[in-house]
Each structure stands twice: as structure tokens, then as C-alpha cells.
Protein chains: 6
Amino acid sequence: MKNDYRPVDALASPRFCGIKTFMRLPYVTDLTDVDAAIVGIPFDTATTYRTGARFGPAAIRDMSATIRPFNIDMNINSFEHMNVVDMGDMNIIPGYIEDTYKIIEDQCFKVLEAGAVPICLGGDHSVTLGELRAAAKKHGPLAFVHFDSHTDTVSSYFGKDYCHGTPFYHAIKEGLIDTKHSIQVGMRGNLYEPNGFQDSEDLGLEVITAKEMHKIGIEATAERIMKRVDGKKAFLTFDIDFVDPAYAPGTGTIEIGGFSSYETMELLCGVKDLDVKAFDLVEVAPMYDPAQITAFLAANIVHDFIAMVARKRAD
Amino acid sequence: MKNDYRPVDALASPRFCGIKTFMRLPYVTDLTDVDAAIVGIPFDTATTYRTGARFGPAAIRDMSATIRPFNIDMNINSFEHMNVVDMGDMNIIPGYIEDTYKIIEDQCFKVLEAGAVPICLGGDHSVTLGELRAAAKKHGPLAFVHFDSHTDTVSSYFGKDYCHGTPFYHAIKEGLIDTKHSIQVGMRGNLYEPNGFQDSEDLGLEVITAKEMHKIGIEATAERIMKRVDGKKAFLTFDIDFVDPAYAPGTGTIEIGGFSSYETMELLCGVKDLDVKAFDLVEVAPMYDPAQITAFLAANIVHDFIAMVARKRAD
Amino acid sequence: MKNDYRPVDALASPRFCGIKTFMRLPYVTDLTDVDAAIVGIPFDTATTYRTGARFGPAAIRDMSATIRPFNIDMNINSFEHMNVVDMGDMNIIPGYIEDTYKIIEDQCFKVLEAGAVPICLGGDHSVTLGELRAAAKKHGPLAFVHFDSHTDTVSSYFGKDYCHGTPFYHAIKEGLIDTKHSIQVGMRGNLYEPNGFQDSEDLGLEVITAKEMHKIGIEATAERIMKRVDGKKAFLTFDIDFVDPAYAPGTGTIEIGGFSSYETMELLCGVKDLDVKAFDLVEVAPMYDPAQITAFLAANIVHDFIAMVARKRAD
Amino acid sequence: MKNDYRPVDALASPRFCGIKTFMRLPYVTDLTDVDAAIVGIPFDTATTYRTGARFGPAAIRDMSATIRPFNIDMNINSFEHMNVVDMGDMNIIPGYIEDTYKIIEDQCFKVLEAGAVPICLGGDHSVTLGELRAAAKKHGPLAFVHFDSHTDTVSSYFGKDYCHGTPFYHAIKEGLIDTKHSIQVGMRGNLYEPNGFQDSEDLGLEVITAKEMHKIGIEATAERIMKRVDGKKAFLTFDIDFVDPAYAPGTGTIEIGGFSSYETMELLCGVKDLDVKAFDLVEVAPMYDPAQITAFLAANIVHDFIAMVARKRAD
Amino acid sequence: MKNDYRPVDALASPRFCGIKTFMRLPYVTDLTDVDAAIVGIPFDTATTYRTGARFGPAAIRDMSATIRPFNIDMNINSFEHMNVVDMGDMNIIPGYIEDTYKIIEDQCFKVLEAGAVPICLGGDHSVTLGELRAAAKKHGPLAFVHFDSHTDTVSSYFGKDYCHGTPFYHAIKEGLIDTKHSIQVGMRGNLYEPNGFQDSEDLGLEVITAKEMHKIGIEATAERIMKRVDGKKAFLTFDIDFVDPAYAPGTGTIEIGGFSSYETMELLCGVKDLDVKAFDLVEVAPMYDPAQITAFLAANIVHDFIAMVARKRAD
Amino acid sequence: MKNDYRPVDALASPRFCGIKTFMRLPYVTDLTDVDAAIVGIPFDTATTYRTGARFGPAAIRDMSATIRPFNIDMNINSFEHMNVVDMGDMNIIPGYIEDTYKIIEDQCFKVLEAGAVPICLGGDHSVTLGELRAAAKKHGPLAFVHFDSHTDTVSSYFGKDYCHGTPFYHAIKEGLIDTKHSIQVGMRGNLYEPNGFQDSEDLGLEVITAKEMHKIGIEATAERIMKRVDGKKAFLTFDIDFVDPAYAPGTGTIEIGGFSSYETMELLCGVKDLDVKAFDLVEVAPMYDPAQITAFLAANIVHDFIAMVARKRAD
């Protein structure tokens, strides 16, 4: 293997030094020899409440500098098993959702075609629809594993199809998702309609609400996810508002009653054997994150995503 | 029924649009046909540490815009069963506690006389004494259900009877509360005297400390409350510092060792069958709430209060 | 005159009390008897750097509460001469620029048709194109008086016609502006091209750069504006980034080398005899305004706009 | 002289070290041998808009640590000519204006009786009435030199005599001020009534508005003050909102169109030969001062006050 | 006993009044009759990521003002059993680690020699090495009880022996710690090397990771600590990043997956019978603590330290 | 010329996209064909008050994204005349001043040896001594042009030679500066000693105080600088606290009475013909810069530095 990409060593170079790529990995756009690629999608045009997620990728990169390479929970130093790079950001078009979807789809597909696993940093949750189009083009409909407090399966807002509350309605209608092996986890907050999370269920998804998850615990939740996916190739999307606002205030549409950082990481640990072909982490909005705790948590989640890829590569 | 008041629909009008009433309910001061009335009491003169709660009502209204009308925990869309309005704020007199008490008492009494349930947004906790005077005038002494980290039953501070640490001493001395059916929940923090929460108990109140509540759990706590109130008409006051500062930093006098937003909402759910004749939510101070998570939690608690009224109306 | 709308009196009702309309004016949507109407356009989809101006109208209303009604600079209590109301916000569609333009145009036109002067609160600067379409439909091409640090006359960004950097290129191409009597004031910052502000001049506008304005002074600048407009009916648009970031940090795209609040108000005073048929104040982004000084300055500028209308009404 | 009080030397002890007294002067309550005494009055009960000035004294002390002892503008190291101490704060009674006035009057009088010049740190501007009562008891009516953006000569708010908008109406009615030698400087903002600053003039005060001061310049303003005072013993009160919000955002009731820190210090330099018997600096509210620039400016103003005392002592 | 030092009574003097010593205890540097002495070490030169802990002691003192003297968890009013004072800060030398170590050692040793228990407020965690040198000189190697998310047992960073990641490696190599009775609790985060916490174990320490502690619970953790220490005299160091960032955002190097404030206080309660000869609380960085919740939690932890001393004195 | 380095075009790629190098210039460490090199020195160990300048380079890079390439004041698009790159940061050693000086000296010398002009981003002002050592090794003693509010010519602090208050004392003693052609501009604040700025003058420097500069104006100040330097090769160092805190709050040691952003840029324009061989911009501390106005001003100053190099190259 010609290339050998590693994070900068914080014992030699202080963590606050250097150009801010994810974990100070090399900034590389040629994907030869690359196994996983971090790529930012700084798009927040589809946001229905507090904008600002366009600065999410930069915030996550900033705080990722303090992460050390050996991932205890996943029991692996991912970077010894594969090459990970930071490709920078996609040049999305602020103000234009459908044009941006095309850009996201094309860029993601290139990463997938190069044999690398894309790990996208949002941006608002609308961006996932573009990624799903690319993933389905490459792999066919994937099992969809969705951590969030909102289902994002409304059909339209304000008479318009596309916003960050609608992507999965459209993904399902477009046939991008293997609904029978798909699941939404962490759902909570009040609703527009009395029928609970029936909309998602009508679309064919399994739903584990936050309330149920609080009752059954992390381990049982992880088992339910693993069972639902049932070994299929998966797409994993993580909206940071899955986490409680105390642990992740820096996002556009907070919901109380969420999960702690410990519970979040335990849950990811519980699904570490998923075979994920594409990841994203969305909705970090740094202007609501005065102590940067949200961005740091997000960076740790991305570090777990990298480990999930590495575990497959290391097999 | 002539009037039919509803929140603005967030699927048609973006949540950040419009004049900031609670949940974008109509701003109405004529209480004809009104079942529950939100009213702000922006008074922080009686604060002994960090002032700022005079901006609490505005902060809660701001963040209430993101709440959807169907309350899952309470299993009701309150607005389909009754009329709720936002009456705006009382014109209290900053700097003058006793004059303000008179204003609060008069305004609350008008709401009660009109047959509506007042849901007051503080302001510091001193305001509750004014509300209790109105409630007792209307209903006689009510069962008093008090969520807080402090008992607020000190007799005086700095040689003065009235401040936000003393309202319930005076309420009891004035005979406004049916102490035998009254309870304080969440008490913690260090004390002036070694006798624990004896002061409150000497006044006839039951006390569940935070420590005890952490040990026995939410469900048992809710049962203790229901048993104590025993079906009596109640007054419910909620000081946001009941919640842990991680979940509710935006308040004047924080105490560590509190409860999460999930535990808080579960507890409210557990007492949802209380017959509450007047509510308040106090001590939100937005200058200590940089990501607005406190105001949003407070808005959700108020949404639960509305649901508690609606459940009675829907019976 | 049936209606008589006044701000709430701060000597009777504390400034922090009440529902947050502009200067606590009545919230009224029926424009009968209304001379000037405040209306929010909380749209920031067309922003090319820091989003957040969707919260601008709310922030300006919040801080407007401290303004007293007699405007010394303009020597008038506007509210004794005419009716001013706050109409709330337009229900724009976040994420959709052209649909929103239609909404803005329609809403503005209704205000103009009702005989009231619209005073719009942005939102990013893209919204002005919608307003100009309405104004031209009502009045024909108006003299255009533009305070800003940027010309906003680029033809397109990212291959797209509409964003907050392009509205006046399109306004001129659409024939909405009487360019011969139009002027841009305060221009500064570095440029994409070496030809200075030739683009604007090629489009027929007069330009006074910040540098020139610093040299010639406020009075001469005001005279240049008055001379350019030459008594024609005008449209006045004010981007808060005209002001230096020290005085107005809370905006998306700051430029150093701007003007103080004193210079700004003196300049407005110097053009107080303009016959303005529609105003806007745009680009206030409160998440970059920690001490609310930008919103307060913006509220004062709007107060001057009101006075400019009142002076005409009082003639 | 038994005592010899000096600030801690920042070349030996880092500025961030030690208990936070003003300029790290000794904390001393016995006024023997003391020439000037810093004393905090952390009272904000009389505030009509944004509370928080109760934390003003602590904020000013914090930032005073970086001031070096030789005052260039005043050309003196005050501490070589006299003893200055920090007495700590008065134990005011939050929530109770008139009781607090008595405490302020008594404490100030004690300082004056001990032969020391009190330099009080507010607190809101209401506190000055208490100080003026003490000063008049000791010295008879003093020439009153008032830097502010507001006259604070309204007779009452909300039907009440005392708040931070009324102290000087009452001071004059109580005969505490020698109005013929008194002056208000920096007045601006809009008003309740069209008669400009007639109220203050009717009470016998001279007024220099901000607008006039901007026109005539700092030097002429200083001359007007010196001429008005005409060598009489004076009381000097400085409301930090005299300064423009760009330079002093951290205060409750900002007004645009104010003065820079340079202009402020030049003006103080221009009146350095006033014979001031008591000073205060009021209305610093640190929760609106995220970078602490207001508190630092306030500390420098207090340093100038000290120098004005020292210049008299050094004569 | 000649001296009798007590905190100021918050029922008589408002909590925001007065010079900011810890709990408004007397500022005393003569240790006659003193049982426990609070002393600040405002040193952050050895920080490897976010600096700012030099302002930690001041922040903790500020928020300590709201603590009442009777400690419920520990069931004692410490101040009735012994004298506690605030000695102010050590005059450390910013920028110079080894010189500062000498100062810390000397100052701590003086406190110990005077028979008082030092309770040091950091500063970054490097300062503990200086304290340990003093403690070992006085008492010989102590049992070392270490609450933190990091082991701080790396041998060097950037080729240098001393920084806040290395103090305990050197303490052990210098023989300052009785490793057989020493324990590290709360360890988490990713690592440089795959061998888990082997480094610490190789040095002879017992380690309880955060993950293990989450599994076994607070009570079992406390028991493990008590068993390890086995009645030996101890040194207790508490890095605030032991606590989860949701509860303690204000520190330099946050780690997710930590403990709540309730769990933290329960754990301290569980080890309240340790015989601790010297304490510290380190790494509070107030610029990352916008609502001051970290500083307040830290102040409560220090209050528990005082109680642990008092319980021994009260025996 | 093989290489051709340009900033990313903001009309094609939104400014918030991409890896954060200065103006989104290429990140390049091979200096072949490079004319000017941006390099960060994230070192704040030598800070005597508020630390945090280690995050200065990252903050300046972040805000530089909004700068357009044609510099109006300097009348040049620098990037059409030469190659500019961002080299990233030097791996300084936090906590170790003298070791870091060696690293700075070596790295700067390499840039100079490669024929490029170093433009260093601090970091605290101590770093300039390392740069001066490199510059003198390459060019001999240079004319020293120093914009600041402090002279930084104290010989030692706390008994130590090196901190950010002492670099120029040592630079002169080491013979690194051609004092006869050197000048300090903007000096203000109070002093330790009564002899004004005699220390600097005794060392052979010319000093223009802020007070003098306010009196004589920008143009005369620029002329004084040009005359003093007299065509000699120069080293230009700019401490952001030269600017008033209203315009540049984000720095460690603010001084009131400084200059506006307009005055600052005019002054740089006035000295644009200096022949500068090395530049730095120091002391940006982003945690005190909530709206990022300081970082943006700093980025503009650096843009002017680039233009000054380009003007020489373009000759």
C-alpha cells in the first residue's frame, strides 16, 4: 500500500497546533488506498428552526483534535488497520436544496465508487437524502439505522417536499431504504398528530421511542437494532439531538428527555458489529455550544464510526 | 362557544415567525370562553442572589414556539378540548414587593373568577405568595404541591419578611395552604441549620428530599404526592431549580444533585391526575441560559400543565 | 379616525413587561387607519456566510421596548401624528428563495395598497428584492437609497441568481429602481475584482465609499444623498453592517472600517426630509450580539424611519 | 502615619493572583489614616430594565487587577501620596429601596466623618441618592457633576418615588445639591416628552447633551463643567452608560450615540482639578459584558477618581 | 482558642456582598489556630489543550458564596468544630513550571507544618506534584486517592517531563506516594496505546475506569476506595473533569461518559471517613463555564473536603 | 514558475466550506516558489494575565474566509503577483518558553532562507523574540516597527527574563534590532513608574503614545514612522491590543483609549511602502471575542501585510 495516513501524534505536536482536519488526519482528495473518508456537508438551508449547522463540520474538526487514537470501547486503533483521510467539505450551494442534493449524491457516490466508506459531517438532516441516493445507487436499498429525537418522515412542510423534517419520507418513497430492516431510535417530543409514531410505522420502519428505550435499557435497545438489521448492509445516520440537550445543547431543534453521553456511547458500542456502508453525523450548530461539549461528543461519535469500519477491515 | 383559540400550525408557519406568545397562542385579555390562561409575572425584585428572572416569561415564550400540540406523555391535544390563551404580562412594579403582591393577587383572582386556570410564568419565587392569596380567596386553602430544590419557608431574610426564600412560611401563616395535603419535593443543598428540613415539617408540610427521591425513584415519588394530596384541589408550583443545573442552568440559585429532564417529565406524568386549580413555573433567568435549554424545558413543563387542565376538561 | 394606536407607556408598564411587538405597539393586521406598519421578514436562506438573521425581527422587537416615543433628533413624537402598528411576521418559506420572494411581494403590496408605509425587519438582504417588486408595482421605479458595506450588485453566486449578494443587480435589471436618483453609501471591504465599485456604477448607481464618507464627513454625505434623490419618492434600505462591527457585531458578514452609532444617526438625521415610501432594516443576527447592542441600534434606526414617515404626515 | 497601604506589585505577584479587592489594595474597614475608600454598593433593586448591577462591584474589582499604579493622564502615582483601601461592600437589603438608602447614607457618612473620600461602586443609579444624603449632611449641598446618558430626574415611575430613573429629582427636592453649580453631561436618547431636557433645567441644572458635546468637543465640555462648578466642593457621579455601548456594553440601559473610552478619559482629565468630596461609578452589569471591557473601563475611571483625590492631597 | 473564624451569614449579608473569599471566610495568612486553609494555585502553564485554569480559584470563590454552612450529606456544620480560613493565592510564576513547583512545595509545607490541612484550588493538574512533595516531606508517602478522567501518568509530553499529563508518573518515581494504598477513579476517554490503563497499573496503582464504575455503581466504588486506602493517611486530588461535561463544562480537557453531580457527591459521601491530610480540586476553567455551574459544583466539592476534615476534628 | 497558489474563489465555493487555512490558501510546507508564508505560533505560555492566544491562529484563519482577494486600500490583488501559502502551525512546546524560542527561531529562519517573507500569527507577544533572532541571523538588525499599547520592554517579571512583557528589552540587548530606525506606536495605559515611556527611549527607540497619535492624527503618525525607518529593511510586529477593546475585545490584556478599525487600516495604508522582511500579528484570544470581530480585524491586517509584500514583488 503506497499511502499510509495517520493522525498527528499529540505527544509530539500539541493538540491545538496545525490545520484543523478531523483528528488532524491528512487532508487528501485522491481516494487511492483510502478506506474511510471524512467529508463535511456544511449545508443548513433546509433547517426549520435555528440555523447554523453549516458551521458544524468545522466545529467537530476543531474539537476532534483531543481524541487519542486507541478507541477503548471498540478495542481498536483504527488507524493501524486502514487509511482514513479528511476530504474537506463539499461545495454545496447555500439556499438551494435540490441543487445541493445533486452535489451530495455525486460526491458521495465518488467516495463509494472508490471503495471508501463515507463519513459525512452535516449540516442539517436534509443532507442525508442526498447520501442515501448515492448509497442506494452503489449498494441498492440499505438497512437504515437512525438515531434521532425526530422521525423526519413528514411528507412536506409549508407545502414543500424538502426540508430537514422530511428526508426519510422521500427516501422511502424513492425506494432508497430497505424498510424491513430499518429502525428509528430515540424518538420523542410532542407531535402534530395523536397517532404517536404511526407515520413512520406506516412507512414500514420500526420505531423505538426514547420512553421505551429509557424503560428497556441500552443493551436491549442495541439488541433490537441488531435483530432488525439482521446482518444486512446498513446506512447509519446520527442526529446529535438524539442526545439530551444537557449533553448536546449545540443543535437547532433540541428535545428534552434524551440520553446521556455515556448511554449514547454504550449504545454505539452495542451495535459495533453492524456492517455500515455509509455514515453521517448531523445537526451540530456551534453557536449554541458555548463550551464546545456538543462538538466534542460528535467527534467521539465519529471516532466510533471510524472504529466500526476498522473492525470490518481488521476482520 | 364563540371563541376557538389554537396555536399557530408549525407546518404552515415556520416556528420562528410571528409575535412571541406562548406556543403562538392568541394574545387575548378578555377571558370569555377561556379555560386556561398563560400570564407572565416578570418580577425579580425579591431575588437574593442572581437577578434576571424578569426576563423569564419572554424566554419561555420564545422557546415554546417549537412545541407541537399533541402531548404524548399526557396523551392529549389539549387545544382540541379547551381554549388556552396568552394574556401577556402583569404590570408589576419593579422594586416594590408588597405593591406587586397586590397586583398579582388581583390579576390572578380575575382569572380565577372568570373560570380559567391561571398558569403563571415567573419571575422569582416570591410571586407565588400573591397567587396563593388569590387562589385561597377563590377556592379556600388548597393542597400545595411544590417542586423545588429549596423549601422557601424561611421566615425572614435581612430582617425583612418578603423575599423569594420566604413565601411559603407566610402562605402557611396566612392560612392559604391546606398543609395536611401539601408536599415539597426535590429539596437539597446545604442548610443554615443542622435540623434538616424540620422547618418545613414543623409548618406541617411533607418533604421528599432529592436524596430520598433519588433512592425511591420517580414512580414512588409520584405515588407519595398523589397520596398526600388525596384528591384535594391543588396549587402546583414548579421552581426550575428542581432540575439539575446541567439540564437547567438558567436560573438564579442553582443546586447540584438535581433531576434530569426525563425524570422531571416522568414525575409530572405520574401526577397528571391532580386536580390543579392554579399553576406556576418560576425562576427562569435567561442570561444564564446560553443555549436556551432551560427555557425550552420550562416551556415543556408548562405544556404539561396545560395538558393537566385539559385532561380534567376532557373528562 | 376610529383607531388610535400608541406604544405602551413605560412610566406605567415596565419595559420588560408584555408581548414583544415593536415598541410595544398594538399587534394589528387590519390596516384600516394605519399609516406605517412594522412587519418582520424572518428569512435567512439566502445568506452566504453566517446564518441567523431569521431571528432578527424578534431581537429588534425585544430591544425596542426601551425606546421612548419622543424622537429628539427628528424633533417629533411620531405617534401623536399617525398610527403605527406591528403586523407580526410574514410566513416566509425557509429554504425557498423564489417562493418567498412572491410572499414578500404580495404582503408588501397589500400594505402599500392600504396606504401604509411598510417598514420591514429582515432577514437577510435578499428580502429587499421582494419589497422592491411590490414598491415598483405600486409607485413605479423609486429612487433607491442604500446604506450598507456591500453593494449587493453581483449578478450571481455559485451559478445562482438569487442570494443576499445579488438583489440589486436583479432589481435594476427588472427595472424596479430609478437608478438616476439612486445611491449606495458606506461601501467598503475588499473586492473580487480590481475595478473598485465599477459594477454598481455601470448599473447606473452613484456610490459613496466608506473611505470617501470618512473623508468628507456626515453632513456632506447627507447632502450628496439629498441631491441625488432630488425630491423623488424613495425606497430606503439599511443593512446593519453599514455600521462598524464594534457598534453592530450582530450580523452575518461584518466589515471593518465602518461608522459609529453616532455617525449613523447623524446621517439619518441629515436625510430626514426624504420622501420614503418603503423602508427596511436587514441582517441583524442576534446569536452574534451577546450584549444586544446591535438589536438596540437597529430598533433606534427603525424609530427614525417611523419619524421620517411622521414628518411627512405632520406636514 | 501608622498605616501605609499599597496595591500589590504586579511585577512580583501575577495580576490574576490573590483576593479580588480593587487594584489588590488592602481590605480594611478601620478608616484610621485612610484618605480614600473604595466601597461597593451591590444593589440593583431599583432597576427599570435589565437587572444585574449587583454584580458590578465584583466585576470592577476583578478587572482592576491589571491597572498599574502610575496614572499617566493625571501624572501621579496616587498611592505614594495617600492611603487608599477597599472596604468591601455595604450590606444592602435586596428588594428594599428605602431601607437600603438608610444603610448607604449611614455607611457613607461614616467614611466622610473619618476624613476619607468615599468612592462607591454601584449598583444601579438609585444608590447615589443615599450617598448624596450623607454628603450633604457632612458638607452641605455640593456642586453636582453628573456624567450619564439619562438625566434621572423623573419624579416617579409606576407611581413610586424611588427607582434608578428618579434619584436626582428627589435629591434636588431634598436640597442636597447646589443646583447653581451643578451640571449633567452626555444626555441623549429619546424622551417621554417633547420638551427636551427641560425637566432638568427647570430643576436648576445645566445640561450638556451628547449631541452638543459631540459638536463642541471634549475640551470645551470640560471647560463648561469647570466654569459651572466654579471651584465649589463637588460630588461626582458617573453612570457607565455615558459611554457608547460599543465601549461599554455591560450595563442595564444602553443608549447609542455615546462617547469612546478615549473621549471619556480625556474629559475626566479635563476636570481633574475639581475638588470632589465623594464619587461613584454605577450601573456596570457584567452579564452583558462578555469580554469584560466595560468592567475594565470602569476600573480605569475609578483609578482616575483616586488620582483626583491624590492631586488634592499632593498639593 | 483566640481565633474563631466563621463564614459570613447569608441571612444577614446578601450572598453577592463582600470580598470574594471561599464561602466568605476570613482572609487570613497567619495560620495560628487554623485547622484547614483554602489556598489558590492559579497556575495553568502546564496545560496541553485549553488554558484558563489560572482563573479557577477566583471562579470557585465567586460561586462558593451561595453555600450554606450545614453540610447535609456529611451531617456537620464544619465551622462549629474548627477554624477554616482563605489564605488567598500562591504567587506562582506563570510560564515557569519548575520554579512554581518549588513555590507550591514551600507554601504547602508551611500550611502542613502549622498543623492545618491544605485545600488547594487549581490551577491545572500539574500543581499537585508540588503539593505531593510537601505532603511527603511532612507525612511520608501518603495513600493517593485520585478522581479524574485521565491518569496523568504519562512520563513526558513533547520531550519534557512536566505538564498536566505527567505529575503522577513523577510523583511515583520520586517516591511521594504509597502506591499500594493508592487508587485512580473515573478513568475514561481514548488512549495513545492499546494497553488500557496498564501504565498506571504498572506503576502500582489500582484503577477503576468510568466504565467499570458505571457498572458496579457508586457504593461499590466507594467501598473499593476505602478498602484500597485501608485506613492510611491520604492525599485526595479531584480533577473536575471526573464529572461529565454536561455537569462540568468549564474545564480544559473534557471527556464524555462521566458522572453526574449527584453521583459525584454520593461518591464523596461514601469516602467521607478517609483520613485526608491534603486536598486539591483542579482544572476549573471559567471561560468555558458560561452559567457558572462548574465553579458551583467545584465549590460544593470543596465544602465536602472541609467537612471531611471537620469530621476528623469532631471525633 | 511551477507552482501557482491562489485562495479559493468565494463565488464558486461558499466561504464556510473547506479546511480552514488563511483565506483558504493552499496548505503547503515546501517553500519552493513561495513568496510569503503564513505560519501560526500557537503559544501562550508567556502570558501574564488572560491566557488563550494559543487559539489565535485558528480563530484568524476561520474569519479570514470572508476576505476577498482584491485589497482596495493597497490597490492590489496580491495573489496575482506572487505565491502565498499557509504552512500551518509550528509545533511549539507549551509550558516551555526557551525551548519554544529555539523552535520559532529555526522555523522562521527556514522560511527566510527559502526566500519567503514569514507572516506569523501569534500566540502571545513573547514569540516575536524568536522571530527577531531568525530575522537578525538572516538580515542583520532590522528597523523595528511596533504597533501595540504596551512597550514590552520591561527587563523581567517575577524575577524571570522571558514573558510577553519583556521581548523587546532582550531583543535590543541581543542586538537584534536597529534601534536608530525603530519605533513603537500606540503606547498607552498606566505604568509601573512615573517616567512615562523613558525605558523604551533609554533603549534607543522612538515612541509615539496613543495620546500623541490621537492629537497629531493618522497621517502624521504614518509619516513619523516612514521617516524613522528611513527606507531600511524592517520587521513589523502588530499586537492586536493596539486597537481599542471596542473593536478588538478578544485579547489578553486590553487597554482603553485605543484606535478604531478604520484608523488602524488607514495607518497601515500610510506605511504601505515599508520594506518589511518579516511580520507578525499577535495576542488574539478568541474566548474573549464572542462575535469574532477581533479575529476578523486581525485577518484583515494580515491581508494588508500580504499586500505590502506583493507591492514590493510587483515593483
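Everything that follows concerns the structure shown earlier in this document.
Keep in mind that what you see is a predicted model, and the values were worked out from it rather than measured.

1. Quick look at the packing of aromatic side chains
For step 1, the next point in the chain: Within this structure, the stated rule accounts for 72 aromatic pairs over all chains.
For step 2, the next point in the chain: Directly above the ring of Tyr-288 of chain D sits Arg-50 of chain D, whose terminal nitrogen or CZ lies 3.9 Å from the centroid.

2. Some remarks on the relation of the copies chain E and chain A
Two copies of a chain can be linked by a rotation about an axis combined with a shift along that same axis.
For step 1, the next point in the chain: Superposing chain E onto chain A takes a rotation of 120° combined with a translation of 0.0 Å along the rotation axis, leaving an RMSD of 0.0 Å. The operation mapping one copy onto its partner corresponds to a three-fold rotation axis. When each C-alpha of chain E is compared by its distance to the rotation axis, Ala-246 of chain E comes out closest, at 3.1 Å.
For step 2, the next point in the chain: A different interface surface on each copy is seen, since only 10% of the contact residues of chain E are contact residues in chain A too.

3. A word on the environment of Ala-285 of chain A
Residues and elements named next belong to chain A.
For step 1, the next point in the chain: On the secondary structure map, Ala-285 appears in the loop between strand E10 (275-282) and helix H9 (293-314).
For step 2, the next point in the chain: Overall, the relative accessible area of 1% leaves Ala-285 in the buried class.
For step 3, the next point in the chain: In the structure, Ala-285 is positioned 217 residues away from Arg-68 in sequence and 24 Å away in space, judged by C-alpha atoms.
For step 4, the next point in the chain: Setting aside residues up to four positions removed in sequence, Ala-285 forms contacts with Gly-52, Ala-53, Gly-250, Thr-251 and Gly-252.

4. Considerations on the interface of chain D and chain B
Often, the extent of an interface is quoted as the loss of accessible area on bringing the components together.
For step 1, the next point in the chain: In this assembly, 21 residues from chain D lie in contact with 21 residues from chain B.
For step 2, the next point in the chain: For the pairing of chain D and chain B, the buried interface totals around 1,800 Å² over both sides, and the portion due to carbon and sulfur atoms is 58%.
For step 3, the next point in the chain: Between Asp-99 of chain D and Lys-160 of chain B there is a salt bridge, with its nearest N and O atoms 2.9 Å apart.
For step 4, the next point in the chain: Along the contact surface separating chain D from chain B lie ten residue pairs in polar contact (both at pLDDT 80 or more).
For step 5, the next point in the chain: Here the side of chain D that touches chain B is built from residues that sort into ten nonpolar, six polar and five charged.

5. Describing the arrangement of the chains
For step 1, the next point in the chain: Regarding chain C and chain E, the two do not touch, and the least distance separating their C-alpha atoms is 12 Å.
For step 2, the next point in the chain: You won't find any contact between chain B and chain F; their C-alpha atoms come no closer than 12 Å.

6. Here's the deal with the pattern of salt bridges
For step 1, the next point in the chain: All chains considered together, the criterion is met by 118 salt bridges over all chains.
For step 2, the next point in the chain: Across the salt bridge formed by Glu-266 of chain D and Lys-211 of chain F, the nearest N and O atoms sit 3.1 Å from each other. Of this pair, Glu-266 of chain D sits in helix H7 (residues 261-270) while Lys-211 of chain F sits in helix H6 (residues 210-216), each in a different chain.
For step 3, the next point in the chain: Take Lys-211 of chain F: its relative accessible area is 28%, and that puts it in the partly exposed class.
For step 4, the next point in the chain: The structure contains a network of salt bridges with shared partners spanning Asp-73 and Glu-266 of chain A together with Lys-211 and Lys-215 of chain E.

7. Considerations on the layout of surface pockets
For step 1, the next point in the chain: If you add up the space inside the largest pocket, you get close to 1,300 Å³.
For step 2, the next point in the chain: Along its surface, the largest pocket is lined by 50 residues, and His-214 and Glu-263 of chain C together with Ser-260, Tyr-262 and Glu-263 of chain F are the ones closest to its centre.
For step 3, the next point in the chain: At the level of secondary structure, the elements contributing two or more residues to the lining of the largest pocket comprise helix H6 (210-216), helix H7 (218-229) and helix H8 (261-270) of chain C, helix H6 (210-229) and H7 of chain D together with H6, helix H7 (218-229) and helix H8 (261-270) of chain F.
For step 4, the next point in the chain: By residue class, the composition of the lining of the largest pocket is 19 nonpolar, 18 polar and 13 charged.

8. Structural notes on unusual backbone geometry
One can expect most non-glycine residues to show negative phi and most peptide bonds to be in trans.
For step 1, the next point in the chain: Note that the residue after Gly-122 of chain B, namely Gly-123 of chain B, is joined by a cis bond; omega there is 10°.
For step 2, the next point in the chain: Despite not being glycine, Gln-292 of chain E shows a phi value in the positive range, around 65°.
For step 3, the next point in the chain: Checked against the element boundaries, Gln-292 of chain E lands in the loop between strand E10 (275-282) and helix H9 (293-314).

9. Some thoughts on the interface of chain E and chain A
For step 1, the next point in the chain: With 30 residues of chain E at the contact, the number on the chain A side is 32 residues.
For step 2, the next point in the chain: Summed over both partners, the interface of chain E with chain A comes to about 2,800 Å²; 61% of that surface belongs to carbon and sulfur atoms.
For step 3, the next point in the chain: Contact with chain A buries surface across chain E, with Tyr-49, Asn-190 and Tyr-192 of chain E losing the most and accounting together for 28% of the total.
For step 4, the next point in the chain: Remark: the boundary between chain E and chain A carries four salt bridges.
For step 5, the next point in the chain: The residue Arg-68 of chain A makes a salt bridge to Glu-255 of chain E at a minimum N-O spacing of 2.6 Å.
For step 6, the next point in the chain: Across the side of chain E that touches chain A, the residue classes break down as 16 nonpolar, eight polar and six charged.

10. What about helix H1 (residues 56-64) of chain A?
Residue and element names in this part refer to chain A.
For step 1, the next point in the chain: Across the nine residues of H1, seven count as buried, placing the element largely inside the fold.
For step 2, the next point in the chain: Considered for burial, the residues of H1 that qualify are Gly-56, Pro-57, Ala-59, Ile-60, Arg-61, Met-63 and Ser-64.
For step 3, the next point in the chain: Looking at the buried positions of H1, the neighbouring elements they touch are strand E1 (36-41), strand E4 (84-89), strand E5 (117-122), E10 and H9.

11. Quick word on the side chain of Asp-148 of chain F
Residues and elements named next belong to chain F.
For step 1, the next point in the chain: By the element assignment, Asp-148 lies in the loop between strand E6 (143-147) and helix H4 (167-173).
For step 2, the next point in the chain: One buried charge, Asp-148, has no salt-bridge partner; the nearest side chain with opposite charge is Arg-188, at 7.0 Å.
For step 3, the next point in the chain: Here His-125 takes part through its side chain, which lies 3.2 Å from a polar atom of the side chain of Asp-148.
For step 4, the next point in the chain: Those residues within four positions of Asp-148 in sequence are excluded, and the remaining contacts are His-125, Val-185, Gly-186, Met-187, Asp-239, Asp-241 and Phe-242.

Thresholds applied
- Residues numbered from 1 in each chain as written.
- Chains lettered and ligands numbered in written order.
- Predicted model: local features only at pLDDT ≥ 70, side-chain atom pairs only at ≥ 80, totals over all residues.
- Heavy atoms only, no water.
- Phe/Tyr/Trp six-rings, centres within 6.5 Å; stacked < 30°, edge-to-face > 60°.
- Lys NZ or Arg CZ within 6 Å of the ring centre and 35° of its normal.
- Least-squares fit on C-alpha atoms with pLDDT ≥ 70 in both.
- Contact = heavy atoms within 4.5 Å.
- Helix = DSSP H or I, 4+ residues; strand = E, 2+ residues; numbered from the N terminus.
- Buried < 20%, exposed > 50% of the residue type's maximum accessible area, 1.4 Å probe, protein only.
- Buried area = accessible area lost by both parts, 1.4 Å probe.
- Salt bridge = Lys/Arg side-chain N within 4 Å of Asp/Glu carboxyl O.
- Polar contact = N/O pair within 3.5 Å; in protein donor to acceptor, adjacent residues only side chain to side chain.
- Nonpolar A, V, L, I, M, F, W, Y, C, P; charged D, E, K, R; others polar.
- 1 Å grid on protein atoms, 1.4 Å probe; cavity = no way out; pocket = protein on both sides within 12 Å on 5 of 7 lines; lining within 4 Å.
- Points joined across faces, edges and corners; volume = space filled by probe spheres on them.
- Lys, Arg positive; Asp, Glu negative; His and termini not counted.

Limitation: the analysis is restricted to geometry and does not speak to function.
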